[in-house]
Amino acid sequence: MPVDPHESAVPQPGAGSPARPPRRRDLRRAAREAREAAERSQTGAAVGPVADPVVPETPEHPAPVEHAEDRTPVYGLDLAGESAPVTSSASAEEPDDAKERVPVRTEAAAAPGSGSPPSGAPPSGSPRSGSPRRPHPYRTSVIGVALAVVIVLGLGVLLLSAVRPRLPEGGASPSSPVSEAAALDYPGPGTGEVVVEIPAEASSAEMGQVLVDSGVVLTVAGFEAAYGANANAGQIQPGTYRLLGEMASKDAVTALLDPARRQDLQLTIPTGYRTDQIYTRISDVLGVPLEEVHAASRDYPGMGLEGPPNATEGVIDPLEGWLLAGTYTVGRSSTPAEVLRQMYDATIAQLDALGVAPEDRQRVLTIASIAKLEAYSDADAPRVARVIVNRLADDSPTDGRLQMDSALTYAWTMTHPAGEDMDPALHDTDPSPYNTRLIAGLPPSPIATVDAALLQAAVSPEEGPWIYFVTTDLCSGETFFTDSRDELMAKQRETREWLDRYQANGSVCPVPEG
């Protein structure tokens, strides 16, 4: 059959001939025939298989060689250039001889740039003659997913590298989130009983370390976070506390603010106590031998002092008067030296608060201690302090002598066994520097412990010209102050008359009438 130079049929494969690409018009004709066959099939017309057109072999168009791997479906192009599948319209009642014939390829090759192959296309693994093999869609999906996972993991590593230097090491700080602080804490509520001692002026970190060492909280960082979250944490006082083991840090802070948890020892020193009485009280409270307290009172380096606070010649006890009266909270493990230093520091703090210069401290302490023992009541202490100051003046009627027996009585008591009475005549003969009848000026040391009120009286005595005073009623405490010796003598006679009536009544104060 001659070949029309203007038309070209789809070449029939032949052995030993190279594959020739189909021409566009061949593809259009195949697509048109496929559509017509599809229309006839839809209208119910029985259509037999269409044989492939035979194209004679020519030098210009040699017969293509068909290989098994080159058997690739061809996707048809409609006249508009869009890809459309071309299906065979062979009837189910097709004769057997027709089934033996070579089926026609009803799909035309897809134009470059066209979409995905239509449903029913053969697997992509079947290579097309003269074209590259298309990747399998499943293999493509697996590769894409694997690539996405690699990218995500890479981004995660980069993000962790950027964030990790900012994460806290070894625990949460006071500004750590609650979740981080909770990881550094016991869940609570705690078990057992633990006694801890919070030192004076301890920071939150120092408190936390004490609690960690005692097994109360898990970490210092966790305690600091709870401390910072409690607005009242700054009110925690030094001392001994009874807590639980393995507590939550927030519960530990609350417990340290609870007075009922305090297990400290209370040391109360009344005003007017001598140092020998103070040492005995310390021994009793701490449960240590009295000799240990006496030794500590002479160990000034052990108390953290450079030397004795009073180095005046003839002083009986250098600490006398330097231990402020009051109630002290001391730890169960406190030493006598620590307690003595605590009382000494309280005295210095009170003197500094009153503006007393260091060189005037002993003078103020001595006046306050004498006023304490000479005044019938603390209410009279400011007036008695004024009398002391007035008698020490150069132009005083007493020539600078205090003429107060309490100082020599103190010296006797401190240097003699308890219960041994002093002869009153010694006030006129004893050359002791504590004998103020004979020696002008103040004694070499205070003679008793004082408190803040007595120090205030010594620093700011009540104004008045008084040189003498006498208590006229020992039951009511009525005391008369004067600068006249004649008035003093008259009041002293009234006092002796009152004393006679008091003794006649069995030394019992009368019940006030009404």
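Right above here is the structure, for reference.
Residue positions are given per chain, counted from 1 along the sequence in the order it is written. Restriction of local features to residues with pLDDT of at least 70 applies here, the model being predicted, together with a cutoff of 80 or more for giving and counting side-chain atom pairs; totals for whole chains, interfaces and linings are based on all residues. Each side-chain value is worked out from all heavy atoms of the structure, with water and hydrogens disregarded.

Caption draft 1: The arrangement of the overall build of the chain in detail. Here a helix means four or more residues in a row that DSSP labels H or I, a strand means two or more in a row labelled E, and each is numbered from the N terminus. Within the chain, the secondary structure is distributed over 16 helices and 8 strands. Partly exposed residues are those whose accessible area sits between 20% and 50% of the maximum for their type, while under 20% is buried and over 50% is exposed, using a 1.4 Å probe and protein chains only. Out of the 514 residues belonging to the chain, those deemed buried represent 35%. In the chain, the share of contacts with a sequence separation of at least 24, taken over all contacts with a separation of at least 6, comes to 65%. The contact rule is simple, with two residues in contact once any of their heavy atoms fall within 4.5 Å.

Caption draft 2: Region of interest: helix 15 (residues 452-459). Taken together, the buried positions of helix 15 are occupied by Leu 454, Leu 455, Ala 457 and Ala 458. The buried residues of helix 15 all sit within an arc of 155 degrees when viewed along its axis, so they share a single face. Side-chain atoms alone can form a polar contact between residues adjacent in sequence; in general such a contact is a pair of N or O atoms within 3.5 Å, and within protein one must be able to donate a hydrogen while the other accepts it. Capping the start of helix 15, Asp 451 holds a side-chain oxygen 3.3 Å from the backbone nitrogen of Ala 453, two or three residues further along. What the arc describes is the spread of directions from the helix axis to the C-beta atoms.

Caption draft 3: Representation of the side chain of Thr 449. Note on placement: Thr 449 falls in the loop between helix 14 (426-429) and helix 15. In this structure the side chain of Thr 449 is engaged in a polar contact, spanning 2.4 Å, whose partner is the backbone oxygen of Leu 323. Only 3.2 Å separates the side chain of Thr 449 from the backbone nitrogen of Ala 325, close enough to count as a polar contact. Setting aside its immediate chain neighbours within four residues, Thr 449 contacts Ile 269, Pro 270, Thr 271, Gly 272, Tyr 273, Ile 278, Glu 320, Leu 323, Leu 324 and Ala 325.

Caption draft 4: The arrangement of the packing of helix 11 (residues 361-374) against helix 15 in detail. As a packed pair, helix 11 and helix 15 sit with axes 8 Å apart at the nearest point and diverge in direction by 110 degrees. Here helix 15 runs roughly perpendicular to helix 11, going by the angle between their axes. In the crossing of helix 11 with helix 15, the sense of the turn from one axis to the other is right-handed. For the pair helix 11 and helix 15, the contacting residues are Val 364, Leu 365, Ile 367, Ala 368 and Lys 372 in the first and Leu 454, Leu 455, Ala 458 and Val 459 in the second. Grouping the amino acids of the contact of helix 11 with helix 15 by side-chain chemistry returns 8 nonpolar, no polar and 1 charged. Axis lines are fitted to C-alpha atoms, over the contacting stretch for helices. Their N-to-C directions set the angle, which ranges from 0 to 180 degrees. For this classification, under 35 degrees means roughly parallel, over 145 means roughly antiparallel, 65 to 115 means roughly perpendicular, and everything else is oblique. Left-handed describes a crossing whose near helix is turned anticlockwise from the far helix through less than a right angle; right-handed describes the clockwise counterpart. Gly falls in the polar group here, along with every residue not listed as nonpolar (Ala, Val, Leu, Ile, Met, Phe, Trp, Tyr, Cys, Pro) or charged (Asp, Glu, Lys, Arg).

Caption draft 5: Main features of the pattern of salt bridges. Salt bridges are identified by distance alone: a Lys or Arg side-chain nitrogen within 4 Å of an Asp or Glu carboxyl oxygen. Counted by the stated rule, this structure contains 12 salt bridges. Measuring nitrogen to oxygen at the nearest pair gives 3.5 Å for the salt bridge that ties Asp 317 to Arg 298. Of this pair, Asp 317 sits in the loop between helix 9 (290-298) and strand 6 (326-330) while Arg 298 sits in helix 9, and the two are 19 residues apart along the sequence. On the basis of relative accessibility, which here comes to 2%, the residue Asp 317 falls in the buried class. The partner of Asp 428 in a salt bridge is Arg 437, with the nearest N and O atoms 2.9 Å apart. Of the residues examined, Asp 428 reaches a relative accessible area of 49% and is grouped as partly exposed. Each of the salt bridges in this network shares a partner with another, and the network as a whole consists of Asp 405, Asp 428 and Arg 437.

Caption draft 6: The arrangement of the nonpolar core in detail. Nine residue types can take part in a nonpolar core, namely buried Ala, Val, Leu, Ile, Met, Phe, Trp, Tyr and Cys, and a core is a set of them joined through side-chain atoms within 4.5 Å. Ile 282, Met 343, Ile 388 and Leu 455 are the most contacted members of the largest nonpolar core, which has 54 residues in total. The greatest single-element share of this core, amounting to 7 residues, is contributed by helix 10 (residues 336-353). Sequence-distant contacts of Ile 282, defined by excluding residues within four places in its chain, comprise Leu 267, Gly 287, Val 293, Val 339, Leu 340 and Met 343. Residues Ala 233, Tyr 241, Ala 255 and Leu 256 belong to the second largest nonpolar core, which totals 20 residues.

Caption draft 7: Looking closely at a nonpolar patch on the surface. A cluster of nonpolar residues, Leu 147, Ile 151 and Leu 155, forms a patch on the protein surface that exposes about 310 Å² of accessible area. Within the element layout of this structure, Leu 147 appears in helix 3 (residues 137-163). A relative accessible area of 53% means that Leu 147 is categorised as exposed. Here a patch means residues that are over 30% exposed by relative accessible area and free of salt bridges, tied together within 9 Å if like-charged and within 5 Å if nonpolar (Val, Leu, Ile, Met, Phe, Trp, Tyr). In short, Shrake-Rupley with a 1.4 Å probe defines the accessible areas, and a residue's cover is counted only from the protein chains shown.

Caption draft 8: Looking closely at the packing of helix 5 (residues 204-213) against helix 6 (residues 220-229). Look at helix 5 against helix 6: their axes get within 8 Å of each other, and the N-to-C directions meet at 130 degrees. It follows that helix 5 is oblique to helix 6 by the angle criterion. Helix 6 is crossed by helix 5, and the crossing has right-handed handedness. Within the contact between the two elements, helix 5 uses Ser 204, Ala 205, Met 207, Gly 208, Gln 209, Leu 211 and Val 212 and helix 6 uses Val 220, Phe 223, Glu 224 and Tyr 227. For the contact of helix 5 with helix 6, a count of residues per class yields 7 nonpolar, 3 polar and 1 charged.

Caption draft 9: View of unusual backbone geometry. Residues Gly 188 and Pro 189 are joined by a peptide bond in cis, for which omega reads 0 degrees. When you line up the elements, Pro 189 lands in the loop between helix 4 (178-183) and strand 3 (191-198). You will see that Glu 246, though not glycine, has its phi angle at about 55 degrees, which is positive. You will see that Asp 399, though not glycine, has its phi angle at about 60 degrees, which is positive. Within the secondary structure, Asp 399 sits in the loop between helix 12 (381-392) and helix 13 (406-415).

Caption draft 10: Quick look at the state of the cysteines. Count a disulfide wherever a pair of cysteine sulfur atoms falls within 2.5 Å. Evaluated as defined, the whole model comprises 1 disulfide. Sulfur-sulfur distance for the disulfide between Cys 475 and Cys 509 comes to 2.0 Å. Looking down the S-S bond of the Cys 475 and Cys 509 bridge, the torsion is -90 degrees, so its handedness is left-handed. Residue Cys 475 is located in the loop between strand 7 (468-473) and strand 8 (478-482), and its partner Cys 509 is located in the segment after helix 16 (485-504); the two are separated by 34 residues in the primary sequence.

Caption draft 11: Summary view of the packing of aromatic side chains. Pairing of aromatic side chains requires ring centres within 6.5 Å, counting the rings of Phe and Tyr and the six-membered ring of Trp. Pairs whose planes differ by under 30 degrees are stacked, by over 60 edge-to-face, and all others tilted. What the rule picks out here adds up to 6 aromatic pairs. Ring geometry for Trp 466 against Phe 481: centres 5.8 Å apart, planes inclined by 55 degrees, an arrangement best described as tilted. With a gap of 15 residues between them, Trp 466 in the loop between helix 15 and strand 7 and Phe 481 in strand 8 connect regions that are remote in the sequence. Accessibility assignment for this pair places Trp 466 and Phe 481 in one class, buried. Ring geometry for Trp 498 and Tyr 502: centres 5.0 Å apart, planes at 15 degrees, overall stacked. Of this pair, Trp 498 and Tyr 502 are both found in helix 16, 4 residues apart, which corresponds to roughly one turn of the helix.

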